[in-house]
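Fold and geometry: a report
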Amino acid sequence: MNTKAEPKRKTFLPFARPAVGDEEINELVDSIRSGWITTGPKVERFAAQFAAYVGGKYAAPLSSATAGLHVALLAHGVGPGDEVITTPMTFAATVNVIALCGATPILADIDRRTLQIRAEEVAKKVSKRTKVLLPVHFAGQPSDLDALLEIAHGHKLTVIEDAAHAAGTEYKGRKIGSFPTTSVFSFHPNKNMTTGEGGMVVTDNEKVFETVSLLKFHGMDRNAWKRFDKAGSARYDIALPGYKYNMMDIQAAMGLHQLPKLDGFNDERRRRAEIYQREFRGVAGLLLPEAVSYPARHAWHLYTPLVDIDRLAIDRDGFMRELKERNIGSGLHYTAVHEFSWHAKTYGWKPDDYPEAHFVSERIVSLPLFPTMTDQDQADVIEAVKDVLRTFAR
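Here goes a summary of the coordinates provided. (Residues numbered from 1 in each chain as written. Predicted model: local features only at pLDDT ≥ 70, side-chain atom pairs only at ≥ 80, totals over all residues. Heavy atoms only, no water.)

Comments concerning unusual backbone geometry
With an omega dihedral of 5 degrees, the bond running from His333 to Tyr334 counts as a cis peptide bond. For Tyr334, the position within the fold is in the loop between helix H11 (316–325) and helix H12 (341–347). At Leu115, a residue that is not glycine, the phi angle is positive and equals roughly 75 degrees. Relative to the helices and strands, Leu115 resides in the loop between strand E3 (104–107) and helix H5 (119–125). Its relative accessible area of 5% is what places Leu115 among the buried residues. Residues other than glycine seldom take positive phi values, yet Lys172 does so here, at roughly 50 degrees. The residue Lys172 is located in the loop between strand E6 (170–171) and strand E7 (174–175) in this model. (Helix = DSSP H or I, 4+ residues; strand = E, 2+ residues; numbered from the N terminus. Buried < 20%, exposed > 50% of the residue type's maximum accessible area, 1.4 Å probe, protein only.)

Here's what the structure looks like:
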């Protein structure tokens, strides 16, 4: 006999949902009806507007942030024999693209309270083979760029920011994307703004921009719309072997209208995150995310408390299952990359090599956070979380 109580919430609430309006839909329809759906003038407009928004000098749009990280590393000359220092607390793509360049990823542990890479740990890992520092602005809060740039300057290294979580994030009063680095943003559907899929490389280095622009589309020196437009020329040159990483106009069509909404989206995410922080403060069974010590404006891409499994009769995965039983979705961002089988086997990494990241990896959970959440949606999340914690308290 099944005695399980019916969940109070009758419909399932996902942990993320894109906020797409009529403006995006109409622009998308316009692109489809125009017959120009691949890379074209809307991609160029979107790139220019995004560069202006973040305060960057050059912006190259791509099919994904993964593609952006790949070509950014290549554009900075990363290859076999080089080392790139990054965090174990990230999506696997950050480390995978280092491997795909033929370089070796070197991990530096995090601060379990803020989830950001620790500059002092980065400094310990610098060697003669180090070429790039690759911090991740985790969950929309910035890493300590000044400290990392100081390390980079002292050792003549490059900083490439994995800014997949950081559209609209600010560090000491400046937006991520405005620093003397190369930054890579994501427009995946669960990000703070979306183009369906997509990414953007922003850099202050003209040569890097030119190389990224070549690498993203077969090494061609001329975009398709500049070849096939009436005023264009069909001839082109291949300057170097490249990839098929271009953004399409039907993606940029969404971005053109998502970008003006981004600050409003982030304000709403910030408001919802503050409600979570207030409602969960002092609740046994959760460890709440903490603010960094330096001035920052958090974009709250994710709300990621840690499940205090030492005080519960279930583990983090069990906690997520119990939320699902109550019709509340959640996400896992992330399993620490050094604990995946391929990475552990390839680089000899063990869970305890990075104890702070391992601690977080066993406990982290993403609760629903998106700008179109209602007050009732959030109240349902809070009630479900507290119910699970009470039910399974030790």
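Read on for the rest.
Regarding the sheet that holds strand E2 (residues 83–86)
The mixed open sheet is built from seven strands, whose spatial order is E1-E9-E8-E5-E4-E2-E3. Of all the strands in the sheet, the pair left with one neighbour each is strand E1 (58–62) and E3. If you compare each strand with its neighbour and ignore which way they point, the axes differ by 25 degrees on average. For E1 and strand E9 (residues 199–203), the ladder comprises five bridges, and the chain directions are antiparallel. The partner of Ala59 across the bridge, within E9, is Val202. Where helix H7 (residues 206–215) meets the sheet, it contacts E1, strand E8 (182–186) and E9, and its direction lies at approximately 20 degrees from that of E1. (Pairing = 2+ DSSP bridges. Axes fitted to C-alpha atoms, helices over the stretch in contact; angles between N-to-C directions. Contact = heavy atoms within 4.5 Å.)

Describing the sheet that holds E7
Read across the open sheet, the three strands follow the order E7-E6-E11; overall the sheet is antiparallel. The two strands at the open ends of the sheet, each matched to only one other strand, are E7 and strand E11 (296–297). The pairing of E6 with E7 spans two bridges and is classified as antiparallel. Looking across to E7, one finds that Glu170 is bridged to Lys175.

Quick word on the pairing of strand E5 (residues 158–163)
Within E5, five of the six residues are buried, which leaves it mostly tucked inside the rest of the structure. In terms of strand pairing, strand E4 (residues 130–134) meets E5 through two bridges, oriented parallel. Looking across to E5, one finds that Val132 is bridged to Thr158. Between E4 and its parallel partner E5, the chain crosses via helix H6 (residues 145–155), and the hand of that crossover is right-handed. Across four bridges, E5 lies against E8 in parallel orientation. Along E8, the bridge assignment pairs Asp162 with Val184. (Right-handed = clockwise from strand over helix to strand, strands pointing away.)

A short note on the nonpolar core
Most often, soluble globular proteins keep nonpolar side chains buried together rather than apart. Core analysis: the largest hydrophobic core is formed by 28 residues, its most contacted members being Tyr276, Phe319 and Val385. Secondary structure elements with two or more residues in this core: helix H10 (262–280), H11 and helix H14 (375–391). Element by element, the count of residues in this core is highest for H14, at six residues. Apart from the residues within four sequence positions on either side, Val385 is in contact with Phe280, Leu286, Phe319, Leu323 and Leu367. Residues Ile176, Phe179, Met247 and Val292 belong to the second largest nonpolar core, which totals 27 residues. (Core = buried A, V, L, I, M, F, W, Y, C linked by side-chain atoms within 4.5 Å.)

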